[in-house]
Amino acid sequence: MTFIEYKSLTPTQQVIYKIKEFFSLLPGRIRAFFAAIGKFFKNIGVAFANGLKGYGQRFSKGDGSTKLSYLVMGFGNLTRGQVGKGLAFLAAEVLYFIFMWNFGLVYLNKFDTLGTVQSHQEINPATGRPQLVPGDNSMLILLYGTMSILITIVFIFVYVANTKSAYEAEQTQKAGKKTLTLKEELADFLDGKYHVTLLATPVLLISVFTILPLVFMILIAFTNYDRSHVPPGNLFTWVGLQTFRDVFKVSEGASKGYTFVQLTKWTVVWAIFATFTNYIIGMVLALMINKKSIKLKALWRTLFVITIAVPQFVSLLLMQQILQDDGPMKIILGPDGLGLVGADFSFFNSTALVARVTVIIINMWVGVPYTILQTSGILMNIPEDLYESARIDGATPVVQFFQITLPYMLFVTTPYLIQTFVGNINNFNVIYLLTNGGPSTPDLYQAGQTDLLVTWLFKLTMDSNDYNTAAAVGILVFIVCATLSLITFNLSKSSRNEEEFS
C-alpha cells in the first residue's frame with residue numbers, strides 16, 4: 001500500500017491496517033530475533049576460538065620467562081621489573097589453589113550427585129543411645145559448588161590476563177622501552193582506565209548478589225528439590241528436564257501442567273488489560289487536563305501527584321478493606337443498603353470473573369495517575385504547529401488524535417509500555433494484597449483463580465516447598481518476557497526510526 005492510499009483510509013481502517021501489518025511482519029521478526037541470538041552465540045564461539053589461538057601463539061612466541069608464566073603466574077612480570085603486578089598474579093594463583101584444596105574441591109567432588117550420605121541415627125557406643133549423624137547437605141553442595149565454578153571461571157580470566165601481561169612486558173622490553181611500574185599502572189586506573197575503576201565494584205556486587213543467585217535458581221529447576229527432598233534431613237539430586245516436563249504435562253485436575261496453562265492465560269489477559277486500560281484512560285485524562293478550556297490545571301496535576309505519593313501497598317490494603325465481605329462497599333450495595341447485590345456476593349471470593357474484574361479496576365485506580373503525569377509531559381512537548389496545520393486542513397479532533405497525538409505518544413512511550421507490560425506480568429502486589437490469589441478452586445495446584453504466575457511461584461516456594469517447580473516457572477516467565485520485550489521493541493518505530501520525531 002502506498003503512502004497516499006494509506007492516508008486516504010479512515011482512522012479505523014488505518015489502525016486495522018497497522019495491526020495486519022504488525023502480524024504479517026511478526027514471523028519474519030521472530031526469525032530475525034532467533035537468528036540474532038544464534039549470531040550472538042556464534043560471535044562468542046569465534047571470540048573463544050580467537051582467545052585460544054592467541055593463548056597458543058603467546059606460548060610459542062614467548063621466551064622462557066613468558067612460558068614459565070603459564071605455570072607460575074606473574075613470573076614474566078617479576079623478571080621484568082613489574083614486581084607489584086607479578087606478586088598480585090602470584091597471590092591470585094596461590095589463593096585460588098588454597099581455596100580449591102580446602103573448600104571448593106570438597107563440594108565439586110559431590111556436585112554430580114549432590115550428596116549420597118543422608119542424615120541418620122546411630123547408636124553411640126559410649127552412651128548406648130541413638131544420636132543423629134549429619135549427612136550431606138544437597139543445598140550447600142549445590143550453592144558452594146556453583147560458587148566454586150564461578151570463581152574458577154574468574155580465575156581463568158585472570159590466568160589468561162597473566163599470560164597477556166607477561167607477553168606484553170616481553171615485547172615492551174624487546175622494543176627498548178621501559179615497563180610500567182605498579183604505581184604507574186594504578187595511576188592509569190585513575191586516568192585512562194578510570195571507567196574500569198568505576199565499574200569494578202558494581203560488577204563485583206552484581207556477580208555476588210545477582211549472577212550467583214540467578215545461576216543457583218536455574219540449577220534448582222533441574223533437580224527434584226521439593227517438599228519430599230528438603231535438606232538437611234533429605235537429599236535431592238539432578239533430574240534433568242523432568243521438572244519442565246511436569247510443568248508442560250497438561251492433565252485435568254489439580255496438576256502442575258494444567259495450572260500452568262490456566263494461569264498463563266489469565267496472566268496474559270491481566271497484563272494486557274492492566275497495561276492498556278491505565279495507558280488509554282491516563283492519556284484521555286491527560287488530554288482533558290491539557291485542554292485550554294480546563295481551569296485549575298495545576299490543581300488537577302497536584303491531586304494526581306498526591307495520589308502517587310501514597311505508597312501503593314497502603315492504597316491496595318485500603319481498597320481490600322473497603323471491598324471485603326463485611327466492608328463498607330458491600331454494606332452500601334447489599335440487602336441492607338441499595339439492594340444491588342445479594343448477601344452471598346463477594347468482590348473477591350464469589351466468582352473468578354468478578355474477582356478478576358475487581359482487581360483490574362483497582363489496578364486502574366493505583367496506576368492511572370502515573371500515566372497521566374508521564375503523558376502530560378509528552379503532550380506539552382508536541383509542537384502546536386502540527387495541530388494548527390491540521391486544523392487549517394480541516395482535520396477534526398478525532399483525526400488530530402489518530403494522526404498526530406497517538407503516533408507521537410506511541411513513539412515516545414513504546415519502551416514504557418513494554419516495561420509496564422512486563423511489570424504487570426510480574427505484578428505481585430496487586431494480586432497478593434487484594435485477593436491472595438482467590439477465589440480458591442480444587443482444579444488448580446496450589447493456586448487460586450486470580451493468581452498470576454509470579455504469585456503462584458511465591459506459593460510454590462513458601463507454602464508447598466516445590467522449589468524446583470517454582471524455579472522452572474521463573475525461567476519460563478523470564479524467557480517469555482525477554483522474548484516479547486525484544487521483539488516488540490524491535491518492531492516499534494522507537495527502535496527502527498529514532499530520528500523521526502527529533
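See the structure above.
Residues numbered from 1 in each chain as written. Predicted model: local features only at pLDDT ≥ 70, side-chain atom pairs only at ≥ 80, totals over all residues. Heavy atoms only, no water.

Draft legend 1. Seen up close, the overall build of the protein. Along the backbone of the protein there are 20 helices and 2 strands. Over its C-alpha trace the protein gives a radius of gyration of 31 Å, far above what one expects of a compact globule, namely 23 Å for 502 residues. Projected onto its principal axes, the C-alpha positions of the protein cover 85 × 80 × 45 Å. Expressed as a percentage of its 502 residues, the buried residues of the protein come to 34%. For the protein, the proportion of contacts with a sequence separation of at least 24, taken over those separated by at least 6, is 64%. Surface exposure of the protein reaches about 29100 Å², of which carbon and sulfur atoms provide 68%. The average position of the 37 basic charges and that of the 31 acidic charges among the side chains of the protein differ by 7 Å. (Helix = DSSP H or I, 4+ residues; strand = E, 2+ residues; numbered from the N terminus. Rg over C-alpha atoms; globule rule 2.2 N^0.38 Å. Buried < 20%, exposed > 50% of the residue type's maximum accessible area, 1.4 Å probe, protein only. Contact = heavy atoms within 4.5 Å. Areas by Shrake-Rupley, 256 points an atom, 1.4 Å probe, with all protein chains shown as cover. Lys, Arg positive; Asp, Glu negative; His and termini not counted. Charge placed at Lys NZ, Arg CZ, Asp CG, Glu CD.)

Draft legend 2. View of the side chain of Asn 278. Tracing the backbone shows Asn 278 in helix 10 (residues 256-290). If near-sequence neighbours (up to four positions away) are discounted, Asn 278 is found in contact with Phe 273, Asn 363, Met 364, Gly 367, Val 368 and Thr 371.

Draft legend 3. Structural context of the pattern of salt bridges. In total, this model carries 7 salt bridges according to the counting rule given. Note that Asp 136 is salt-bridged to Lys 110, the shortest N-O span being 2.9 Å. Of this pair, Asp 136 sits in the loop between strand 2 (130-133) and helix 6 (138-174) while Lys 110 sits in the loop between helix 5 (83-108) and strand 1 (120-123); the two residues are 26 residues apart in sequence, bridging distant segments of the chain. Taking the relative accessible area as the measure of exposure, Asp 136 reaches 10% and is therefore buried. Take Lys 110: its relative accessible area is 32%, and that puts it in the partly exposed class. Of the charged contacts in the structure, one is a salt bridge between Glu 384 and Arg 391, with a shortest N-O distance of 3.0 Å. Judged by its relative accessible area of 39%, Glu 384 is partly exposed. Among the charged side chains, a salt-bridge network with shared partners connects Glu 384, Glu 388 and Arg 391. (Salt bridge = Lys/Arg side-chain N within 4 Å of Asp/Glu carboxyl O.)

Draft legend 4. Layout of the environment of Ile 156. Here Ile 156 lies in helix 6. Taking the C-alpha atoms as reference, Ile 156 lies 12 Å from Phe 89; in sequence the two are 67 residues apart.

Draft legend 5. Representation of a nonpolar patch on the surface in the model. Nonpolar side chains collect at one region of the surface, where Val 268, Val 269, Ile 272, Phe 273, Phe 276, Ile 280, Val 284 and Met 288 lie side by side and expose about 670 Å² of accessible area between them. Residue position: Met 288 is located in helix 10. Accessibility expressed as a relative area gives 43% for Met 288, which makes it partly exposed. (Patch = residues over 30% accessible without salt bridge, like charges linked within 9 Å, V, L, I, M, F, W, Y side chains within 5 Å.)

Draft legend 6. Up close: the pairing of strand 2. Both strand 1 and strand 2 contribute to a ladder of 4 bridges, which runs antiparallel. Bridged to Ile 123 within strand 2 is Pro 130. (Pairing = 2+ DSSP bridges.)

Draft legend 7. View of the packing of helix 10 against helix 16 (residues 397-425). For the pair helix 10 and helix 16, the least separation of the axes is 10 Å and the interaxial angle reads 140°. If you check the angle between helix 10 and helix 16, you find them oblique. The interaxial crossing formed by helix 10 with helix 16 has right-handed handedness. On helix 16, the residues touching Thr 267, Trp 270, Ala 271, Ile 272, Ala 274, Thr 275, Tyr 279, Met 283 and Leu 287 of helix 10 are Phe 401, Thr 405, Leu 406, Met 409, Leu 410, Thr 413, Tyr 416, Leu 417, Thr 420, Phe 421, Asn 424 and Ile 425. (Axes fitted to C-alpha atoms, helices over the stretch in contact; angles between N-to-C directions. Parallel < 35°, antiparallel > 145°, perpendicular 65-115°, else oblique. Left-handed = near helix turned anticlockwise from the far one by under 90°.)

Draft legend 8. Representation of the nonpolar core within the structure. Core analysis: the biggest nonpolar cluster contains 32 residues, and Leu 142, Phe 260, Leu 453 and Trp 456 have the highest contact counts within it. Those elements giving two or more residues to this core turn out to be helix 6, helix 8 (194-220), helix 9 (242-248), helix 10, helix 16, helix 18 (453-462) and helix 19 (467-491). Examining the composition of this core, we find that 8 residues originate from one element, helix 19, more than from any other. When near neighbours in sequence (up to four residues on either side) are disregarded, Trp 456 contacts Lys 256, Thr 259, Phe 260, Leu 263, Tyr 445, Gln 446, Ala 447, Asp 451 and Val 473. Judged by nonpolar contacts, the second largest core, of 19 residues, contains Trp 266, Leu 323, Leu 333 and Val 454. (Core = buried A, V, L, I, M, F, W, Y, C linked by side-chain atoms within 4.5 Å.)

Draft legend 9. Structural detail: the environment of Ser 148. Following the sequence through the fold, Ser 148 ends up in helix 6. Judged by relative accessible area, which is 0%, Ser 148 ranks as buried. C-alpha separation for the pair Ser 148 and Thr 375, spaced 227 residues apart in sequence, amounts to 49 Å. In contact with Ser 148, not counting residues within four places along its chain, are Phe 99, Gly 104 and Leu 108. A polar side-chain atom of Ser 148 sits 2.8 Å from the main-chain carbonyl oxygen of Tyr 144. (Polar contact = N/O pair within 3.5 Å; in protein donor to acceptor, adjacent residues only side chain to side chain.)

Draft legend 10. Spotlight on the packing of aromatic side chains. As enumerated under the stated definition, the model contains 23 aromatic pairs in all. Between Phe 222 and Phe 244, the aromatic rings sit 5.4 Å apart at their centres with planes inclined by 45°, giving tilted as the arrangement. Of this pair, Phe 222 sits in the loop between helix 8 and helix 9 while Phe 244 sits in helix 9, and the two are 22 residues apart along the sequence. Its relative accessible area of 24% is what places Phe 222 among the partly exposed residues. Residue classification places Phe 244 among the buried residues on the basis of a relative accessible area of 12%. A cation over an aromatic ring shows up here: Lys 67 above the ring of Phe 59, its NZ or CZ 5.5 Å from the ring centre. (Phe/Tyr/Trp six-rings, centres within 6.5 Å; stacked < 30°, edge-to-face > 60°. Lys NZ or Arg CZ within 6 Å of the ring centre and 35° of its normal.)

Draft legend 11. The arrangement of helix 8 in detail. Given a rise of 1.5 Å per residue, 27 residues ought to cover 39 Å, and the 38 Å separating the end C-alpha atoms of helix 8 matches this to within 8%. Taken as a whole, helix 8 carries its principal kink of about 40° at Ser 207. If you check which residues of helix 8 are buried, you get Leu 212, Phe 216 and Ile 220. (Expected span 1.5 Å × (residues − 1). Bend = angle between axes of the 7 residues up to and from the residue.)

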